[in-house]
Structures are given as structure tokens and as C-alpha cells.
Amino acid sequence: MLVRLRSPVVWIQLISIIVGLIIYFKPEVEETVKIISTAVISLINVFAGLNNPMDSNHF
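On a predicted model such as this, the values are computed, not experimentally measured, just so you know.

Any two side chains of opposite charge can pair, on the condition that their charged atoms come close. One pass over the structure, following the stated rule, counts two salt bridges. With its nearest N and O atoms 3.5 Å apart, the salt bridge here joins E30 to K34. Of this pair, E30 and K34 both sit in helix 2 (residues 30-50), four residues apart, roughly one helical turn. Since its relative accessible area comes to 38%, K34 is described here as partly exposed.

Written out as C-alpha cells, the structure reads:
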């Protein structure tokens, strides 16, 4: 499980779950949460792209 926590995909899933819960319980903060979560997910995608494996042994 700890190995999976290093995966950007897992972090994006966790962020999307947390964002969904925040918007569900506090709909008035939806726009702010969207902006912040988009920025965080974009950063994760940049790091995931920079860490792109060259072959299946280094994934």
C-alpha cells in the first residue's frame, strides 16, 4: 500500500474524493475548490510527466 501512495494517480483520486466531499457539504465554496484542486492536479500531472518511465521495469 505504501508503494501505491507514491503514484500520482492515487493522489489525484484522493484529491478528487476530498474535493467531491467538500463541494457536497459546502456548495458555496465550489468555485474556489475547483480552482485550487485544478492547480494541485496540474502540478501532480507535471511531476508525473517528468517521472515518465522509459520501460516497464522502471515504472
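That covers the picture; the talk isn't over yet.
Our focus in this paragraph is the environment of I44. Looking at the secondary structure, you find I44 in helix 2. When the C-alpha atoms of I44 and V9 are compared, they prove to be 8.7 Å apart, with 35 residues separating the residues in sequence. The contacts of I44, once residues within four sequence positions are left out, are P8, W11, I12 and I15.

Procedures and definitions
- Residues numbered from 1 in each chain as written.
- Predicted model: local features only at pLDDT ≥ 70, side-chain atom pairs only at ≥ 80, totals over all residues.
- Heavy atoms only, no water.
- Salt bridge = Lys/Arg side-chain N within 4 Å of Asp/Glu carboxyl O.
- Helix = DSSP H or I, 4+ residues; strand = E, 2+ residues; numbered from the N terminus.
- Buried < 20%, exposed > 50% of the residue type's maximum accessible area, 1.4 Å probe, protein only.
- Contact = heavy atoms within 4.5 Å.

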